[in-house]
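Here is what each chain is made of, one letter per residue.
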Amino acid sequence: MLDLQNVSKTVDEKPIVNQVSFSVQKGKSIGLIGPNGAGKSTIVKLISGLEKPTNGLIQLMGKDVQQWSVKKLAQHTAVLTQEGLSPYPITVFDAVLMGRYPHLGFFQREGKKDFDLVEHVLETTGLTAFKDQMLDTLSGGERQRVAIAKAMVQQPQMLLLDEPTTFLDIGHQKNILNLVKDWQRRDGLTVLMVLHDLNLAAQFCDELILMNKGKVVDIGSSEQIIAKETLEQVYHANPEIIRHPKSNIPQILL
Amino acid sequence: MKNRQSKLWIWFPIFSLILLMSMSLSVTLGAANISWQLVWQIIFSKIPGLNLFNQASWSASTETIVWDIRLPRVLLGAVVGAALALAGAIYQGVLRNPLADPFILGVSSGASFGAALVFVFGWQVFWLGQFTLPAVAFLFGFLSLLIVYFLSRVNNKVRLETIILAGVVVQSFVGACLSLVLALSNEQLQTIVFWMMGSLALTDWSYNQIIFPIILSISVISTFFIKELNMLGLGEEAAHHSGVSVQRTRFILLILASIITGAAVSVSGAIGFVGLVVPHIIRLMFGADYRVVLPLSIIGGAIFLVGADAFARTILAPREIPLGVVTAFLGAPFFGYLLRRAKRGYF
Ligand SMILES: Nc1ncnc2c1ncn2[C@@H]1O[C@H](COP(=O)(O)OP(=O)(O)OP(=O)(O)O)[C@@H](O)[C@H]1O
Ligand SMILES: [Mg+2]
């Protein structure tokens, strides 16, 4: 689905992403973890076409991302960032409807099919009650849910998330990630998400990529990555590692 | 969605009707007293093949006043008002800045400078004739925009903060050139200053014939970008992720807005406040959705300027007040009132 080969990004002579290679299989969910400044957001920007790599090749479905038009790319990938959507005074319905944009021709207007899809997605994300409320009157968590709904309406094959849960309380964190998980199971969505919370990353991702100083340190299952020595080296913290009582997944205690 | 659309279906006809009424009312105003029925009779009599009133019940001079003097002026007012308000709405959306107005990127400074040069040197490009002034003004306005745009282009990207700052820089530089020309000019000083304050006096049909097609076609083209304008409102990156080519869309919209600004300024001078205030008034009344803001700003701007011009030429008749003075006089207090009344942030 997604394939990065020796991708580097240099800004002002400073390498911020350095020789990164990894690939993501269709239907998998990959967690991108690492300390501040590791280059995680830069990777997301490179994949979503916001920035160009200095070197290397990023292929989406076998084709160089640079060759995709912005619109074509948006038909296949949706992105959710920490900032989410600006509090712009339009209704939740209209904001979610904008997810249909990449599927419409220049002169084409949204039709019944699009409206029905939006209604359906609002239902799945529990936003039906907010339908006519203005985006700028929602809380940060609610707005993030609108962003997820907008991404769903976009019907991508791949979803990129950059710290989507940063501003959310634990309930909403879990809620957003569950929405993504269900979506992944239902439609075979491919997910690449940047998460700071290693416990959530271990629980919600099939595989983890650990980055540090622009480089990939390790790729593997949570069993492999959430290990005392690795984390000490990279994060300069010495966490205790325990097992989740229900799922037996490794979790950390600071 | 649906209620938004219906809002437009209700208000667009109402606004259009108000515009028609204010235009015909404005034609009746002036030294010669002419009823609005007569105004419409004269207009209809001009439509070929339509002989509703075959024996003319009005004098030739009345016809001249209505058809050749007042009507072109009122129409030009409507067109210029529509253009400035549309440009303002686009600039505010693209630059994501509530203080943006059609002049923020230096178009009007450039146009004024060009106009001043024409006045001072008495340029007359022979094949342009009386259109030398608007043509030169337009050219200079557009040049200023291009300078601003390329000043703010770094690595093929234009950042919003940079473009606004570049606008300030170019505006002050061109402003200084303009002041220099003003200082060196003698008897033309008053003409230039009056031109800069904006006026619709001395218009005939020929100005309308040039500017009307430009503004009509750009209004239509800009409605194709309503979706994009709304999406830019959700943030630049969010728009990119939803498939909008942000840089290209922005460039096209800025060029469109600047062409209409340049066209409007070149025939009527730099009439301030319309482009800033009208889109905001529409937003305060109907929300920020560009599907409503754009069409209603166009009509609203036309209404506003037709009204302001009627004011400008009647209130101290036979003297005329500069139009820019009237727009600020009427616009600022109304805007202030709406701002105080608004319950929440709306931009
Ligand atoms: N445009 C830029 N110019 C200069 N340096 C940059 C630029 N963009 C990113 N960097 C640098 O590149 C490094 C990686 O940034 P990036 O945002 O990808 O980190 P991150 O892993 O997402 O960090 P965080 O966890 O804090 O979000 C940082 O040190 C940052 O300062
Ligand atoms: Mg980051």
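Quick summary incoming for the structure in this document.

## Examining the overall build of chain A
(1) Moving on: For chain A, the helix and strand inventory stands at 9 helices and 12 strands.
(2) Moving on: Taking 18 Å as the expected radius of gyration for a compact globule of 254 residues, we find that chain A reaches 19 Å, a close match to that expectation.
(3) Moving on: Judged by the C-alpha coordinates and their principal axes, chain A covers about 55 × 45 × 30 Å.
(4) Moving on: Taken together, the 27 basic and 28 acidic charged side chains of chain A have centroids lying 4 Å from each other.

## A few points about the overall build of chain B
(1) Moving on: Across its full length, chain B holds 14 helices and 2 strands.
(2) Moving on: Whereas a compact globule of 347 residues would reach a radius of gyration of roughly 20 Å, chain B reaches 21 Å, a difference of no more than 12%.
(3) Moving on: Based on the C-alpha atoms only, the size of chain B along its principal axes is roughly 65 × 55 × 40 Å.
(4) Moving on: Taking the contacts inside chain B whose residues are at least 6 apart along the sequence as the reference set, 77% of them involve residues at least 24 apart.
(5) Moving on: Per element, the accessible surface of chain B, about 15500 Å² overall, is 70% carbon and sulfur.
(6) Moving on: Within chain B, one finds 21 positive and 12 negative side-chain charges whose respective centroids are separated by 12 Å.

## Here we look at the sheet that holds strand 2 (residues 14-24) of chain A
Residues and elements named next belong to chain A.
(1) Moving on: What the 4 strands build is an open sheet, ordered 2-1-4-5; its pairing is antiparallel. For this open sheet the edge positions go to strand 2 and strand 5 (63-64), each flanked by a neighbour on one side alone.
(2) Moving on: Sheet strands in contact with helix 1 (residues 40-47) are strand 1 (2-11), strand 2 and strand 4 (55-60), and its direction is about 115° off that of strand 1.

## A short note on the pairing of strand 4 of chain A
Residues and elements named next belong to chain A.
(1) Moving on: Across 5 bridges, the pairing between strand 1 and strand 4 is antiparallel. Paired with Gln 5 across the bridge in strand 4 is Leu 57.
(2) Moving on: Here strand 4 runs beside strand 5; their pairing, made up of 2 bridges, is antiparallel. In the sheet register, Leu 60 faces strand 5, and the bridge partner there is Lys 63.
(3) Moving on: Where strand 4 folds back onto strand 5 in an antiparallel hairpin, the turn is made up of 2 residues, including Met 61, whose phi is positive at roughly 50°.

## Let's talk about the site of ligand 1
All names here are of chain A.
(1) Moving on: Taken together, Val 11, Ile 16, Pro 35, Asn 36, Gly 37, Ala 38, Gly 39, Lys 40, Ser 41, Thr 42, Glu 163 and His 196 are the residues near ligand 1.
(2) Moving on: Here an oxygen atom of ligand 1 sits 2.9 Å away from a polar atom, N or O, in the side chain of Asn 36.
(3) Moving on: Protein burial of ligand 1: of its 630 Å² of free accessible surface, 61% is covered by the chains.
(4) Moving on: For the shell around ligand 1, the leading source of residues is helix 1, giving 3 residues.
(5) Moving on: A breakdown of the residues in the shell around ligand 1 according to their chemical character gives 4 nonpolar, 6 polar and 2 charged.

## Re the sheet that holds strand 8 (residues 190-194) of chain A
Two strands in a sheet stick together by hydrogen bonds in their backbones, pointing the same way (parallel) or opposite ways (antiparallel).
Residues and elements named next belong to chain A.
(1) Moving on: One open sheet holds the 6 strands; their spatial order is 6-7-8-3-9-10, and the pairing between them is mixed. The outermost strands of the open sheet, each flanked by one partner alone, are strand 6 (77-80) and strand 10 (215-220). Strand-to-strand twist of the sheet, defined as the mean angle between neighbouring strand axes without regard to direction, takes the value 15°.
(2) Moving on: By the bridge criterion, 4 bridges tie strand 3 (residues 29-33) to strand 9 (residues 207-212) in an arrangement that is parallel. Following the sheet pairing, Ile 33 is matched in strand 9 by Leu 210.

## Observations regarding unusual backbone geometry
Residues and elements named next belong to chain A.
(1) Moving on: The backbone of Asn 6 sits at a positive phi, close to 50°, despite the residue not being glycine.
(2) Moving on: Within the element layout of this structure, Asn 6 appears in strand 1.
(3) Moving on: Owing to a relative accessible area of 41%, Asn 6 belongs among the partly exposed residues under this scheme.
(4) Moving on: In this structure, Lys 213 is a non-glycine residue whose phi angle is positive, near 50°.

## With respect to the environment of Leu 232 of chain B
(1) Moving on: Relative to the helices and strands, Leu 232 of chain B resides in helix 9 (residues 226-233).
(2) Moving on: The contact partners of Leu 232 of chain B, leaving out residues within four places of it in the chain, are Gly 93, Val 94, Arg 96, Ala 239 and Val 246 of chain B.

## Notes on the pattern of salt bridges
Residue and element names in this part refer to chain A.
(1) Moving on: One pass over the full model with this rule turns up 15 salt bridges over all chains.
(2) Moving on: Notably, a salt bridge pairs Arg 100 with Asp 114, separated by 2.8 Å at the nearest N-O pair. Residue Arg 100 is located in the loop between helix 3 (92-97) and helix 4 (112-124), and its partner Asp 114 is located in helix 4; the two are separated by 14 residues in the primary sequence. For the pair formed by Arg 100 and Asp 114, the shared burial category is buried.
(3) Moving on: Between Asp 187 and Arg 186 there is a salt bridge whose closest N-O contact spans 3.9 Å.

Here is what the cut-offs are and how they apply
Residues numbered from 1 in each chain as written. Chains lettered and ligands numbered in written order. Predicted model: local features only at pLDDT ≥ 70, side-chain atom pairs only at ≥ 80, totals over all residues. Heavy atoms only, no water. Helix = DSSP H or I, 4+ residues; strand = E, 2+ residues; numbered from the N terminus. Rg over C-alpha atoms; globule rule 2.2 N^0.38 Å. Lys, Arg positive; Asp, Glu negative; His and termini not counted. Charge placed at Lys NZ, Arg CZ, Asp CG, Glu CD. Contact = heavy atoms within 4.5 Å. Areas by Shrake-Rupley, 256 points an atom, 1.4 Å probe, with all protein chains shown as cover. Pairing = 2+ DSSP bridges. Axes fitted to C-alpha atoms, helices over the stretch in contact; angles between N-to-C directions. Near = heavy atom within 4 Å. Polar contact = N/O pair within 3.5 Å; in protein donor to acceptor, adjacent residues only side chain to side chain. Nonpolar A, V, L, I, M, F, W, Y, C, P; charged D, E, K, R; others polar. Buried < 20%, exposed > 50% of the residue type's maximum accessible area, 1.4 Å probe, protein only. Salt bridge = Lys/Arg side-chain N within 4 Å of Asp/Glu carboxyl O.

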